[in-house]
Amino acid sequence: MKLIKLDAIDSTNDFLKAMASKDELENFTVVTAENQTKGKGQVGGVWKSEAGKNLTMSVLVKDFLLSNEEVFNLSVAASLAVSETLKSLNIPDICIKWPNDILSYNKKLVGILIENTIKSDGRIVSVVGIGINVNQTDFSELPSASSLAVILEKTFNKEELAVLIVKKLKEKILLWKTNSEIFWNDYFNSLFKKGVPTAFRDNNNRDFMGIIQGVSPIGKLQVLLEDDSVAEFEIKEVKMLY
């Protein structure tokens, strides 16, 4: 894989998107940064990371998504690639919090942000941004977060971790046509709080109870409500309280 290592950048996603718009970059080109000053989370959120301690990376993915209806497939592939890599490193109790946060012991280890660009010829080019708490140990300002170093009490090589994740992501994408149903089932089975009564808060600040049933093909969270109806929510329309 082509790896571009930066000391500091505002956003690895923005950097890679800009490069991809000008050059015919190799598929699965990776950009990493020791310090990301304006890391992005879902729907305008912020990804905070201690400089030099964590893995901040973006991966270019081309020729995978063929339509807007398929966009969430990449989220499934990326979530599984990261979670399976962490399991291979013996990180325990790994699960996926919809849509694509990776947790261990209910603490957030990984955030994933996928940004898609539609080219003039209709092709969809994607940038998969992955932020992993690796060697940071102070989470006094982020009580719902943790890191690989905290959990296993040792430090990790960030570049080796990046290589493992990209290898796994390429594997998922290459096998997608024949294994998509298996991968979706793996994603469903890994969902945090799936099938368990859970408290939620909607974007009108109303709290309610529901049970996660799954995720629709276009990525909406499906929740069984107390009146036995099933509601579907977009990202940021609902927050899980736990």
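To be clear, the structure that these remarks concern was listed above.
Residues numbered from 1 in each chain as written. Predicted model: local features only at pLDDT ≥ 70, side-chain atom pairs only at ≥ 80, totals over all residues. Heavy atoms only, no water.

Attention shifts here to the overall build of the chain. Assigned secondary structure in the chain consists of five helices and 12 strands. Counting only C-alpha atoms, the chain reaches 55 × 45 × 35 Å along its principal axes. A buried classification covers 49% of the 242 residues belonging to the chain. Within the chain, residue pairs in contact and separated by at least 24 positions form 61% of the contacts whose partners lie at least 6 positions apart. Accessible area for the chain stands at about 12100 Å²; split by element, carbon and sulfur atoms hold 48% of it. Charged side chains in the chain number 29 positive and 32 negative. The centres of these two groups are separated by 3 Å. (Helix = DSSP H or I, 4+ residues; strand = E, 2+ residues; numbered from the N terminus. Buried < 20%, exposed > 50% of the residue type's maximum accessible area, 1.4 Å probe, protein only. Contact = heavy atoms within 4.5 Å. Areas by Shrake-Rupley, 256 points an atom, 1.4 Å probe, with all protein chains shown as cover. Lys, Arg positive; Asp, Glu negative; His and termini not counted. Charge placed at Lys NZ, Arg CZ, Asp CG, Glu CD.)

Turning to the pattern of salt bridges, a few remarks are in order. Within the structure shown, the criterion is met by 13 salt bridges. Here D202 makes a salt bridge to R206, at a shortest N to O gap of 3.1 Å. With a relative accessible area of 14%, D202 lands in the buried category. Since its relative accessible area comes to 51%, R206 is described here as exposed. Among the salt bridges present, the one from K220 reaches E234, with a minimum N-O distance of 3.9 Å. (Salt bridge = Lys/Arg side-chain N within 4 Å of Asp/Glu carboxyl O.)

Now for the sheet that holds strand β10 (residues 221-225). If you walk across this open sheet you meet the five strands as β11-β10-β9-β8-β12, and the pairing is antiparallel. In the strand order of this sheet, the two ends are held by β11 (230-233) and β12 (238-241), each with one partner. Adjacent strand axes in the sheet meet at a mean angle of 50 degrees, parallel and antiparallel pairs treated alike. (Pairing = 2+ DSSP bridges. Axes fitted to C-alpha atoms, helices over the stretch in contact; angles between N-to-C directions.)

This brings us to the packing of helix α2 (residues 71-88) against helix α4 (residues 158-174). Where α2 contacts α4, the two axes come as close as 8 Å, and the packing angle between them is 135 degrees. On the basis of their axis angle, the class for α2 and α4 is oblique. The crossing of α2 and α4 is right-handed. On α4, the residues touching L74, A77, A78, L80, A81, V82, E84, T85 and L86 of α2 are L161, L164, I165, K168, L169, K172 and I173. Residues belonging to the contact of α2 with α4 are distributed by class as follows: 12 nonpolar, one polar and three charged. (Parallel < 35°, antiparallel > 145°, perpendicular 65-115°, else oblique. Left-handed = near helix turned anticlockwise from the far one by under 90°. Nonpolar A, V, L, I, M, F, W, Y, C, P; charged D, E, K, R; others polar.)

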